[in-house]
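Observations on the model geometry
Spelled out from the first residue to the last, the chains are:
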Amino acid sequence: MGNTTNTENTQPLSLVRAMSLTEEPGMGALSMPGYLREVTERFSENEALVMYKGDTVERWSYNDLWDRSMEVAKALVANGVTKGTRVGILMTNRSEYLSALFGTAMAGGVSVVLSTFSTPAEMEYLLGVSSISILLFEDRVLKKDFVSIIADLEPSVLDSKPGEISSEKYPFLKLLVSLPGITAVGDAERKIETVKSLENWEAFLKASATVSDEVIEARSALVMPYDDGALFFSSGTTSLPKGILHAQRSFTIQFWRWPRLWGLKEPARCWTGNGFFWSGPVVIIIGTSLSTGGCIVMQPLFDADQALELIEKEKITLMNGRPHQWARMQSSPKWEGADLSSLQQITKGEIIMEHPSVKTDWEMPNAFGTTETMAILSSFELGDPDNGNPRIFGKVLPGNIIKVIEPTTGELVPMGERGEVCIKGPTLMKSYLGKSPEEIFDDEGFYRTGDGGYIDAEGHLFWEGRLNDIIKTGGANVSPQEIDTVIAAYPGVKRTQTVGVPHDSLSEMVVSCLVPVDGVSLDAGEVIAYLKEKLASFKVPREVLLFTEEDYPLTGNEKVKAGDLKKLACERLGIESSEATLR
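Residues numbered from 1 in each chain as written. Predicted model: local features only at pLDDT ≥ 70, side-chain atom pairs only at ≥ 80, totals over all residues. Heavy atoms only, no water.

**Here we look at the nonpolar core**
Judged by nonpolar contacts, the single largest core of 69 residues is most densely connected at L136, W201, F204, F251, I286 and L290. Considering every element that reaches this core, the biggest residue donor is helix 2 (residues 62-78), with nine residues. When near neighbours in sequence (up to four residues on either side) are disregarded, I286 contacts Y35, L98, L101, F102, F255, P281, S291 and I296. Residues V112, L127, Y170 and F233 belong to the second largest nonpolar core, which totals 27 residues. (Core = buried A, V, L, I, M, F, W, Y, C linked by side-chain atoms within 4.5 Å. Buried < 20%, exposed > 50% of the residue type's maximum accessible area, 1.4 Å probe, protein only. Helix = DSSP H or I, 4+ residues; strand = E, 2+ residues; numbered from the N terminus. Contact = heavy atoms within 4.5 Å.)

**Let's talk about the packing of aromatic side chains**
Throughout the structure, instances matching the rule amount to 21 aromatic pairs. Between the aromatic rings of Y35 and F255, the centroid separation amounts to 4.8 Å while the plane-to-plane angle is 50°, which identifies the pairing as tilted. A residue pair is termed long-range when its members are at least 10 positions apart, and Y35 in helix 1 (residues 32-43) and F255 in helix 8 (residues 248-262) qualify at 220 residues. Considered together, Y35 and F255 belong to a single accessibility category, that of buried residues. (Phe/Tyr/Trp six-rings, centres within 6.5 Å; stacked < 30°, edge-to-face > 60°.)

**Some remarks on the layout of surface pockets**
Reported here for the second largest pocket is a volume of approximately 370 Å³. What lines the second largest pocket is a set of 20 residues, among which F117, G273, L301, F302 and E558 lie closest to the centre. Partitioning the lining of the second largest pocket into residue classes produces eight nonpolar, eight polar and four charged. (1 Å grid on protein atoms, 1.4 Å probe; cavity = no way out; pocket = protein on both sides within 12 Å on 5 of 7 lines; lining within 4 Å. Points joined across faces, edges and corners; volume = space filled by probe spheres on them. Nonpolar A, V, L, I, M, F, W, Y, C, P; charged D, E, K, R; others polar.)

**Observations concerning the sheet that holds strand 4 (residues 56-61)**
With mixed pairing, the six strands of this open sheet are ordered in space as 4-3-15-14-16-17. Either end of the sheet is taken by a strand with one partner, and the two such strands are strand 4 and strand 17 (345-346). Two strands pair when backbone bridges link them, and strand 14 (residues 269-272) and strand 15 (residues 295-298) are joined in this way by two bridges, in the parallel orientation. By the bridge assignment, R269 is partnered in strand 15 with C295. Sheet strands in contact with helix 3 (residues 95-106) are strand 3 (47-53), strand 4 and strand 15, and its direction is about 135° off that of strand 3. (Pairing = 2+ DSSP bridges. Axes fitted to C-alpha atoms, helices over the stretch in contact; angles between N-to-C directions.)

**Looking at the pattern of salt bridges**
Where charged atoms from two side chains of opposite charge approach closely, those side chains can pair. Under the counting rule described, the total for this entry stands at 30 salt bridges. The residue R269 makes a salt bridge to E314 at a minimum N-O spacing of 2.8 Å. You can see R269 sitting in strand 14 and its partner E314 sitting in helix 10 (residues 304-314), a full 45 residues away along the chain. With its nearest N and O atoms 2.8 Å apart, the salt bridge here joins E464 to R418. Of this pair, E464 sits in strand 25 (residues 460-466) while R418 is found in the loop between strand 21 (401-405) and strand 22 (419-424), placing the two residues 46 residues apart along the sequence. The exposure class of E464 is buried, given its relative accessible area of 10%. R418 sits in the partly exposed class, given a relative accessible area of 38%. Taken together, the shared-partner salt bridges in this structure form one network comprising K53, E58, R94, E96 and E138. (Salt bridge = Lys/Arg side-chain N within 4 Å of Asp/Glu carboxyl O.)

**Some words on the sheet that holds strand 11 (residues 198-200)**
Strands sit in the order 11-10-7-5-6-12-13-23 across an open sheet of eight strands; the sheet is mixed. Two strands in the sheet have a free side with no partner beyond their single neighbour: strand 11 and strand 23 (431-432). Sheet topology note: the strand 10 (residues 175-179)/strand 11 ladder contains three bridges and is parallel. Counted as the bridge partner of L176 is L198 from strand 11.

**Overview of the pairing of strand 6 (residues 110-113)**
Neither face of strand 6 is exposed, since V110 and V112 on one face and S111 and V113 on the opposite face are all buried. Following the backbone out of strand 5 (residues 86-90), through helix 3 and into the adjacent parallel strand 6, one traces a crossover that is right-handed. Where strand 6 meets strand 12 (residues 228-233), two bridges bridge the pair, whose relative direction is parallel. If you follow S111 over to strand 12, its bridge partner there is A230. (Right-handed = clockwise from strand over helix to strand, strands pointing away.)

**So, helix 3**
Relative to the 16 Å expected for twelve residues at 1.5 Å per residue, helix 3 spans 17 Å between its end C-alpha atoms, a close match to the ideal helical length. The buried count for helix 3 comes to twelve of twelve residues, which makes it a mostly enclosed element. Among the residues of helix 3, those classed as buried are S95, E96, Y97, L98, S99, A100, L101, F102, G103, T104, A105 and M106. Within two residues after helix 3, G108 carries a phi angle of roughly 95°, on the positive side. (Expected span 1.5 Å × (residues − 1).)

**Structural notes on unusual backbone geometry**
You will see that S131, though not glycine, has its phi angle at about 60°, which is positive. Note that S131 resides in the loop between helix 4 (120-130) and strand 7 (134-138). Residue S131 is classed as partly exposed on the basis of its relative accessible area of 25%. Phi angles above zero are rare outside glycine, and S507 is one such case at about 80°. Using a relative accessible area of 48% as the deciding quantity, one classes S507 as partly exposed.

**Quick look at the environment of E406**
As for its placement among the helices and strands, E406 is situated in the loop between strand 21 and strand 22. You can call E406 partly exposed: its relative accessible area is 29%. Along the chain, E406 and G419 lie 13 residues apart, while their C-alpha atoms are 5.1 Å from each other. With near-sequence residues (within four places) excluded, E406 lies in contact with E411 and V413.

**Considerations on helix 8**
For the α-helix, the turn length of 3.6 residues means that residues three or four positions removed from each other point alike. Its 15 residues place the ends of helix 8 23 Å apart at the C-alpha level, agreeing with the 21 Å of an ideal helix rising 1.5 Å per residue. In the structure, helix 8 departs most strongly from a straight axis at W256, where the bend amounts to approximately 30° and where the proline P259 lies between one and four residues downstream. Burial analysis of helix 8 places 13 of its 15 residues in the buried class, the great majority of the element. One or two positions beyond helix 8, positive phi appears at G263, with a value near 65°. (Bend = angle between axes of the 7 residues up to and from the residue.)

In structure tokens form, the structure reads like this:
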């Protein structure tokens with residue numbers, strides 16, 4: 001790992017280059033078809049996937065996953081997919097999601113992963129900007145009826161034949177393929193048979209018989225690591241989602257490296273309560289399971305009771321989720337009687353580790369990343385003694401280069417000085433949808449993350465949150481993320497977000513806004529006393545405000561709307577504020 005020195009005063013500058021990607025241990029094939037082929041050849045008859053569907057249980061081996069992905073690929077080719085064709089995937093976590101993701105890559109297409117939390121207005125926007133040609137989607141998710149939503153957005157789908165949609169609004173869209181919703185609640189708003197352009201999943205797969213395995217093998221061989229892989233959409237809290245285009249290798253590099261970073265020596269049985277339409281869950285769960293010869297245990301949507309049952313039935317070893325989900329599990333009536341003894345790795349798992357049957361002492365390696373970097377760009381490896389400091393987010397990962405600049409001038413700052421974190425490397429996005437490279441990257445090809453932080457002499461990244469979220473109080477900079485990490489470990493906290501509100505003498509006052517676990521009564525004074533033992537005095541919130549889940553402003557993807565929360569905090573505290581102050 002190297003850095004740059006200012007020749008005038010010999011003071012090192014904040015530019016760190018990691019080792020080459022070619023030197024990283026544990027790497028394999030870097031296209032998605034190549035990755036699936038390699039793990040299938042290694043672990044052919046191992047169990048790769050478990051899916052509970054009502055009273056039945058679906059179990060796929062690695063060979064099954066390959067065959068099902070091949071079947072989807074052939075059906076896509078039969079329906080006109082060629083190099084670069086965009087294929088939408090709008091599903092909960094289910095077995096067909098993985099066969100669609102890998103099958104699209106094997107056909108030469110590009111997956112467009114869409115959130116099942118999307119509102120009709122968001123769906124209108126996403127379908128419009130993504131240039132999807134084929135949409136593979138779950139007809140209903142809970143009470144949401146996507147058949148009805150799509151028909152309302154584009155009435156021409158009502159009378160078109162399958163594969164013959166002609167739309168001025170969505171000019172690339174040709175085919176809609178629907179699967180029965182696993183989580184559907186109540187009656188459908190619109191009967192499926194009234195939408196004549198819809199093709200069901202079984203009919204879609206029948207078209208695979210017209211395409212040979214050899215054609216898909218040939219196409220897969222021509223998929224390069226740097227080819228387009230998938231289009232993600234960020235869950236923006238203040239604007240429309242941004243389309244983020246990633247290469248094939250953005251997925252596969254992360255798939256291969258998770259076992260090394262997390263110290264996984266045995267096949268892992270993995271579960272997540274979060275959707276595969278987010279970059280973190282999809283690369284973490286596929287990487288920790290399939291790269292180790294393990295298994296993905298699917299749960300379409302997070303349900304605390306079912307999650308506890310799945311851990312026990314399927315002997316899950318690795319859980320990926322968030323503290324507010326662990327809090328829901330802890331408040332479940334099934335919590336006390338659950339057997340969670342199989343668990344070995346739990347992300348941010350302090351709450352789960354309180355269960356008497358959990359014996360693991362695994363400590364999650366701290367890491368930093370964004371959707372633009374496909375989940376992580378820096379990380380510790382398991383066992384690094386510096387991982388105990390919650391302010392440090394590891395070292396830059398192989399192939400990446402990090403620099404820290406003064407935000408207004410763009411100049412490198414001295415090592416250890418705060419500034420804006422910038423990144424380039426092999427898992428960095430190829431582009432934002434609709435923007436030129438000049439609008440996204442600087443003259444040296446770096447992406448300016450908008451996040452604040454600094455690098456020390458050992459190359460550790462200290463991440464402090466969004467630049468516009470840093471709280472400036474009494475002349476000091478305070479990272480809300482650091483405070484919230486500590487608060488999340490406090491018993492009974494379901495959600496936490498720390499904000500800065502205007503203050504006459506301090507400029508800003510640190511205020512933490514909490515949602516308690518259902519049925520738990522938190523005392524703000526006791527929380528502050530706890531934080532005084534964990535944080536420097538200037539970081540301790542002056543106020544802790546308690547909210548209900550209903551009052552807490554969240555996006556559909558459960559991200560906190562920080563601006564709205566600041567307004568609510570100001571109202572609670574009787575502080576006048578302007579929109580400009582709250583940005």
